[in-house]
Amino acid sequence: MTYSLLIPILMTIVGAATPILLAALGELVVEKSGVLNLGVEGMMLIGAVTGFAVTATTGSAPLGVIAAMIASAASAGLFGFLTLTLTANQVATGLALTIFGIGLSALAGEGYVGQTVDVFGSVFPASLSEHPTLRVIFGYSPLVYLSLALVAAVGWFLSRTRAGLILRAVGESDLSAHSIGYSVIGVRYMAVLFGGAMAGIAGCFYSLVLTPMWAEQLTAGRGWIALALVVFAGWRPVRLLLGAYLFGAVMTLELHAKAAGFSLVAPEFLAAMPYLATIAVLAAISARKTGMSLAPACLGKPFKPSS
Amino acid sequence: MFIELEKRKEPSKAMLYLTPVLAVVATMVAGAIIFTLIGHDGLGAVRKIFLDPLLDTYKWQDLGVKAAPLILIGVGLAIGFKANVWNIGAEGQYVMGGLAGTGVALATWGMTGWWILPLMCIAGVAGGAAYAGIPAFLKTRFNVNEILSSLMLTYVAIQVLYYLMRGPWKDPDGFNFPQTRLFTDDQILPTVLTNTVVHLGVPLAFVVAIAAWFVMTRSVFGFQIRVVGAAPAAARYGGFNSKKTIWAALLAGGGLAGFAGILEAAGPFGQMVPQFPTGYGFTAIIVAFLGRLHPIGIVLAGIILAVTYVGGELAQSSIGLPGAATGVFQAMMLFFLLATDVLVKYRIKLASPAKAGDVA
């Protein structure tokens, strides 16, 4: 492989990995608190369309990202109200959120199909961000650096802070956490809202950085891959980072093989690769005895204090 | 104002049947308000989507045709959901069933005989069931979460469809369009009512729902499914094999989705095209829940969702409501159902803030 090809390939991997990393990091925190939100794909789409619409209207990408975080967090709040306050089934509600997100984003985005915005590109000077070699470090959207900082922050929060300890306690043993006076529902609401905001940034990454435009179902199932990634990582942030970049590499393989006119296998097979790889990885992880036992003990179970 | 939930001693039967109706009514009210707020004719949209398809007798045949696949897939999914097996890849199983049946159609192209159509149907059921067998195998052998595996396989199935349409199965006389030959007369479902589009698959869907009702309420299999879902520990104690239940639930769901697939291919489509996946597999999830996982309820829910499809098209052509609005209405229905679900298990009381401090 020639050197000139290596830089763009590395950069594509980062681009493909970042949105699933962001979404998965949010879901990891949600699941650590004991809640399973299957609505990631729907929240990402709501974020993607909101981010695009606000950026197209105001011309400010950062404003678009903030709006996307708010919109996706609001949709997560709806999920929280149903599952936490009204104790609805988390699996069914998460599915409903995804179906809702697909429909709502298509509806809201109708007027924006075909429009373009400026890529939310690097904030570094062009001498760095467009340097033939150094752009592999400086040539990304600020969201990429944000995602890496957030991995560190979430890792630190969960393992080193008191609040993180409480969040994990709520996810591992809700009744004990409740009996020593912590608000299980309150903690879970915060986690669910955080997960929503993260999915919002992830969605924006597609509509403001990668494409950058709006199209129906722009995220093409990547939200589900993010969910699988959390299982793959065994609910640990650093392994999430490794996993996301691994998936990014698989997806990049597809893109570059297609671009190079690689004709040994059908392009449809390459397009199916990320999903097949996800299944294979899930099988390998789940088969191990310790695989699913890493999951937070209260994952997916509704909590209702018997008051 | 604080809401306080008080657990009922027993789930309310009345609420169980009343809440789906409540959810539909709430969707109509909320839909009218929301669509007015975002600048559409909200009331008009609700009337077009929910009432006009029912008032226009000419549209009833379309309702039947749209409801049939939803009912078939919904009945199959409900069996799984009852056993806590979350097959959400019905869309992929529907595609695979359609493809398997299409394979038979292409292999028998030019032949005649009454046996061709039944063979296509058998292939469709087998194709869907086999495809659902993959998550069943992964779940029972490797403990892979079936939600994720069945959904991933949906994306794979769509790529398989694209591949076959673009390459091996493309109509050789089709001007290079990515679609198969048109099915022949012996490969097309006959219509059961003259001068309508109502094909044989419509009564078949109702028959399957009634059959499923008997199986679920009268057979050991149905009892096992219900016990495993409601009380896994008791089921193990009673000697029910949970692996067998997972297989049965997924094969039933996949088989019926595959059946719906071939009925669509041999019915309304009359050939296989890349536009074949229309989202029935996902909408059927809403149908299953709105129907309370009960075959007869699912028939009613299937008709209601068919109303929204037909009404959505009406609203699109007559008052210019965007097509995506239909999906929003359908998802809202599921949200409202899940929200009102709380009424089945709990009594809602309005409490004073002081009393409800730690609950909220």
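Criteria and thresholds
Residues numbered from 1 in each chain as written. Chains lettered and ligands numbered in written order. Predicted model: local features only at pLDDT ≥ 70, side-chain atom pairs only at ≥ 80, totals over all residues. Heavy atoms only, no water. Helix = DSSP H or I, 4+ residues; strand = E, 2+ residues; numbered from the N terminus. Expected span 1.5 Å × (residues − 1). Buried < 20%, exposed > 50% of the residue type's maximum accessible area, 1.4 Å probe, protein only. Contact = heavy atoms within 4.5 Å. Buried area = accessible area lost by both parts, 1.4 Å probe. Salt bridge = Lys/Arg side-chain N within 4 Å of Asp/Glu carboxyl O. Polar contact = N/O pair within 3.5 Å; in protein donor to acceptor, adjacent residues only side chain to side chain. Nonpolar A, V, L, I, M, F, W, Y, C, P; charged D, E, K, R; others polar. Phe/Tyr/Trp six-rings, centres within 6.5 Å; stacked < 30°, edge-to-face > 60°. Axes fitted to C-alpha atoms, helices over the stretch in contact; angles between N-to-C directions. Left-handed = near helix turned anticlockwise from the far one by under 90°.

Caption draft 1: Up close: helix α2 (residues 40-58) of chain A. Residue and element names in this part refer to chain A. Counted at 1.5 Å a residue, the expected span for α2 with its 19 residues is 27 Å, and the 26 Å between its end C-alpha atoms agrees. When you tally the buried positions in α2, you get 15 out of 19 residues, the bulk of the element. Looking one or two residues past α2, G59 carries a phi angle of roughly 80 degrees, positive in sign.

Caption draft 2: The interface of chain B and chain A, seen in detail. Facing 39 residues of chain B, the contacting portion of chain A comprises 45 residues. Here chain B meets chain A over a buried area of about 3,700 Å², counting both sides, of which 81% is carbon and sulfur. If you sort the residues of chain B by the area they bury against chain A, L148(B), M152(B) and F335(B) come out on top, with a joint share of 18%. Counting the contacts that link chain B with chain A gives 1 salt bridge. The shortest N-O distance in the salt bridge between E268(A) and R166(B) comes to 2.6 Å. For the pair chain B and chain A, the interface holds 2 residue pairs in polar contact (both at pLDDT 80 or more). Those elements that place two or more of their residues in the side of chain B that touches chain A are α5 (116-142), α6 (146-166), α11 (280-290) and α13 (324-340) of chain B. Ranked by residues supplied to the side of chain B that touches chain A, first place goes to α6(B) with 12 residues. Its residues assigned to classes, the side of chain B that touches chain A shows 34 nonpolar, 4 polar and 1 charged.

Caption draft 3: Focus on α6(B). Residues and elements named next belong to chain B. Taking 1.5 Å as the rise per residue, α6 with 21 residues should run 30 Å; its terminal C-alpha atoms sit 30 Å apart, in good agreement. Counting buried positions along α6 yields 17 of 21 residues, so the element is predominantly enclosed. Between the side-chain oxygen at the start of α6 and the backbone nitrogen of I147 there is a gap of 2.7 Å, and the oxygen is on N145.

Caption draft 4: Fine view of the packing of aromatic side chains. This model, assessed by the stated rule, comprises 18 aromatic pairs over all chains. For the ring pair Y275(A) and Y155(B), a centre distance of 4.7 Å and an interplane angle of 10 degrees mean the geometry is stacked. Of this pair, Y275(A) sits in helix α13 (residues 267-287) while Y155(B) sits in helix α6, placing the two residues on different chains. We note that Y275(A), like Y155(B), is buried. Taken together, a centroid distance of 6.1 Å and an interplanar angle of 85 degrees make the contact between Y94(B) and Y280(B) edge-to-face.

Caption draft 5: Broad picture of the side chain of T102(B). Residues and elements named next belong to chain B. Within the element layout of this structure, T102 appears in helix α4 (residues 90-107). Judged by relative accessible area, which is 0%, T102 ranks as buried. For T102, the residues in contact, after removing those within four places along its chain, are W169, T180, F183, I262, A265 and M272.

Caption draft 6: Inspection of the packing of α5(B) against helix α10 (residues 242-269) of chain B at higher detail. Residue and element names in this part refer to chain B. For the pair α5 and α10, interaxial distance at closest approach is 6 Å and the crossing angle is 145 degrees. With respect to the hand of their crossing, α5 and α10 are arranged in right-handed fashion. Residues of the contact of α5 with α10, tallied by class, amount to 17 nonpolar, 7 polar and 2 charged.

Caption draft 7: Representation of the side chain of T161(A). Residue and element names in this part refer to chain A. Mapped onto the elements of the fold, T161 is located in the loop between α7 (142-160) and α8 (162-172). A relative accessible area of 16% means that T161 is categorised as buried. Polar contacts involving the side chain of T161 include one to the main-chain carbonyl oxygen of F157, which spans 2.6 Å.

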